[in-house]
Amino acid sequence: MKNNFLLVLLLTLVMGATNAQNTKRDVFIKNLMTKMTIDEKIGQLNLLTGGEATTGTAVSTDVESKIVAGKIGGLFSISTPQKIRKVQELAMKSRLKIPVIIGMDVIHGYRTTFPIPLGISATWDMSLVEKSARIAAQEATADGICWTFSPMVDIARDPRWGRIAEGSGEDAFLGSKIAAAMVKGYQGKNLKANNTMLSCVKHFALYGAAEGGRDYNTTDMSRIRMYNEYLPPYKAALDAGAGSIMASFNEIDGIPATANKWLLTDLLRKQWGFKGFVVTDYTGNNEMIDHGLGDLQTVTYKALAAGTDMDMVGEGFLTTLKKSLAEKKVTMAEIDRACRLILEAKYDLGLFEDPFRYCDENRAKNEIFTAENRAFAREIASKSFVLLKNKNNVLPLNSPKSIALIGPLVNNKENMGGTWAVSENRGNSLTLYDGLKNALGESTQINMARGTNIYSDPVLDANASPFGKSTGRENRSDEDMLKEAVDAAKSSEVIVLALGESAEMSGESSSRSKIGLPENQQKLLAELSKLGKPLILVIFTGRPLVLETESQQADAILNVWFAGSEAGNAMTDVLLGKVNPSGKITASFPRNEGQIPVYYNHKNTGRPHSGKPGFEKFRSNYLDVPNTPLYPFGYGLSYTTFQYGDLKLDKASITENQKIKVSVDVKNTGNYDGEEVVQLYIRDLVGSVARPVKELKGFEKVLIRKGETKTVNFEIGVEDLKFYNSDLKWLAEKGDFQVMVGTNSDDVKKANFVLK
Ligand code: NOJ
């Protein structure tokens, strides 16, 4: 009772303080807007690029004079306190001295680079996720930036899509937790602090469902799937306080997101209550001309009317909105809305109080790429790696006298950061060679050989190395490089073969139709596997690869994504056993491309396969490949082994107000201390609509010492059983449920309960 009273008092005080803040802000902005001309208001809606990273053909011109003329509200892809100070000085020369909001794609770290987001998601560790965003914000704000185009929360079930690298995989529950943790990391508790930044969640919405995995392609899906399986992470990011959101390039129900009123107004603002601003993606307005929605004026007034507030790079708002206003195609209220929301964000960031608050050169000198941040990069990288195979415990390596270190990227610094590492301290990342050398010194001989290029075909190789990220291609023949590699392997105790993709084979506009290793790399592996030496395959990748053959040829496979600044030390930590791998994949690895989309939370169908080996006629399956992926969602091995006991439920049924306690004993039965991600899935056995065969509803990452048993407890309440029904109502239906707990989505212990 007393506690309740205190809680109410506290809430009233907090809400009172927030309201007072908002009123102060409202008064300030209202006042400012009464002084603004229509042109100045439209100027606020214009976001231009400083050109440090470009993702399209359009570039921004006359930026400086436009700032002084009040024709720019924001600038992105520009860094350093010196340059940004200059921008704000120009803004202070504009009539109303409105500061510019400075954005950047701070995606997985800043100068200190962490693993690609798909790798970070494989840690399943929310404190690490949040800290990665916190450090990224610390470094980026020290370099003048106050707005990040992150987190990218698009659910992706098609690994052909290169941007699967930028998200958290195939699951909405895990994706939502990660989205919230990232936003908290970037924005902190106080957006006005000079080391926190505004987050922009993207790409709203469904961008990850591009047909055929081809980037920018059409998407089309039912509302019920959208609500249950794709929208939750965006909502979670907004609930965590993300102050802005980016409209996606794709269409939804035939209308591109950027001009989709249902999406940006009905859903986002009316249903979800979003109070921040909406920015287009790069030339998102202009691209609606190619979508076939009309000329520039038409598409831009449609975008504004639908709920878009800021125009990235395309300048359609700047050049056509005034005309559209005169022709009554848009209203002053719509322009005012967009202008107000952008000014509010600037206010919240403290830019009106001090436009130079992010321009502290001392911070830039002292807070970027620090030893401390790099130590964290090493930690998170080593925890993102996924051990896919470890036959006869060939890993960790046990002080070998010699290692054959083979592969095109074993000593290539440019490719360690992966995609969207635009601000990485390029050229200063540690490679696998660096890492092994640091750890082993002269005690182990390293026989290094390139083995092969990323692709034999020079055209494909060039496609795989844009932005000056050379793959180090050598113009020697495949045979020559192969022979050198075989010789290195023959004279070594063990082979560490690093194959896979280059950094830019995933990411934006990097879709692949075949997602195996390039043929020349396959050949190298096949030849080396004939030597009968222990063969450890290290896989660089931005997506789940098809590794069916490789999974038989190699003794061990360690999937290392693109791990960032400390990649080399982190890989070495795991290969040598200083760190026991604990990563689990967050997107299924298919057996072949024909299975795509293959994801764990699929429906059962009316003719499910029995699960026994082999093809079954008149059942939903393929003649030539099982339905199961090669590695399922949640899969990842450890150097130790974990044994799961049976599930214990504290009751057999619950009512709407009760919770069921599920516990499981997990024993470390191997020879190393290790971390395990214990995963809980639920199946709604009977419903008014077909429900997935399982859905992740909880997880816990626990350290279990060698020989120790830990009891892991979960609680299930009615909220965990809810879903959107065919009327898009969020509810739980009474009846039978199954709960599953295990080491991955496929290997689980089961029990049943009832919701009464
Ligand atoms: C295009 C990408 O789709 C988006 O993710 C990014 O934030 C913008 N370009 C800005 O660079």
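Our structure's up above, just so we're on the same page.
All of these numbers come straight from a predicted model, not from anything done at the bench.

## Considerations on the sheet that holds strand β15 (residues 535-540)
Moving on, step 1. Strand order in the open sheet formed by six strands is β11-β16-β15-β14-β12-β13, and the pairing between neighbours is mixed. If you trace the sheet from one side to the other, it starts and ends with β11 (386-390) and β13 (445-449), each paired once. Going across the sheet, the axis of each strand differs from the next one's by a mean of 15°, ignoring polarity.
Moving on, step 2. Sheet topology places strand β12 (residues 402-406) next to β13; five bridges connect them, and they run parallel. The residue bridging Ala404 from the neighbouring strand is Asn447, located in β13.
Moving on, step 3. Across the sheet, helix α22 (residues 567-575) lies against β14 (494-500), β15 and β16 (556-559), angled at about 145° from β15, the strand it touches most.

## Structural notes on the packing of aromatic side chains
Moving on, step 1. The full count for this structure, using the stated rule, is 25 aromatic pairs.
Moving on, step 2. Ring centres of Phe589 and Tyr631 lie 6.0 Å apart, and the angle between their planes is 70°; on these two criteria the pair is classed as edge-to-face. Here Tyr631 lies in the loop between α22 and β17 (642-644) and Phe589 lies in the loop between α22 and β17, a separation of 42 residues in the sequence.
Moving on, step 3. Ring centres of Tyr631 and Tyr635 lie 5.1 Å apart, and the angle between their planes is 20°; on these two criteria the pair is classed as stacked. Tyr635 matches Tyr631 in its accessibility class, with the two residues each being buried.
Moving on, step 4. A cation over a ring is seen here: Arg157 above Tyr599, with NZ or CZ 3.8 Å from the ring centre.
Moving on, step 5. The ring centre of Phe723 lies 4.0 Å from the NZ or CZ of Arg691, which sits over that ring.

## Quick look at the site of the ligand
Moving on, step 1. Near the ligand there are 14 residues, and of these Thr55, Asp105, Arg163, His203 and Asp281 occur at the shortest range.
Moving on, step 2. In this structure, a nitrogen atom belonging to the ligand sits 2.8 Å away from a side-chain N or O atom of Thr55.
Moving on, step 3. Residue Arg163 places a side-chain N or O atom 2.7 Å away from an oxygen atom belonging to the ligand.
Moving on, step 4. When isolated, the ligand has an accessible area of 300 Å², and the protein chains bury 100% of it.
Moving on, step 5. Class assignment for the residues of the shell around the ligand results in seven nonpolar, two polar and five charged.

## What to know about the environment of Ile289
Moving on, step 1. Tracing the sequence through the fold places Ile289 in helix α11 (residues 287-291).
Moving on, step 2. Judged by relative accessible area, Ile289 falls into the partly exposed class, the value being 39%.
Moving on, step 3. In this structure the C-alpha to C-alpha distance between Ile289 and Lys35, which are 254 residues apart in sequence, comes to 34 Å.
Moving on, step 4. Ignoring sequence-local partners within four residues, the contact set of Ile289 consists of Gly294, Asp295, Leu296 and Val299.

Definitions and limits used
Residues numbered from 1 in each chain as written. Predicted model: local features only at pLDDT ≥ 70, side-chain atom pairs only at ≥ 80, totals over all residues. Heavy atoms only, no water. Pairing = 2+ DSSP bridges. Helix = DSSP H or I, 4+ residues; strand = E, 2+ residues; numbered from the N terminus. Axes fitted to C-alpha atoms, helices over the stretch in contact; angles between N-to-C directions. Contact = heavy atoms within 4.5 Å. Phe/Tyr/Trp six-rings, centres within 6.5 Å; stacked < 30°, edge-to-face > 60°. Buried < 20%, exposed > 50% of the residue type's maximum accessible area, 1.4 Å probe, protein only. Lys NZ or Arg CZ within 6 Å of the ring centre and 35° of its normal. Near = heavy atom within 4 Å. Polar contact = N/O pair within 3.5 Å; in protein donor to acceptor, adjacent residues only side chain to side chain. Areas by Shrake-Rupley, 256 points an atom, 1.4 Å probe, with all protein chains shown as cover. Nonpolar A, V, L, I, M, F, W, Y, C, P; charged D, E, K, R; others polar.

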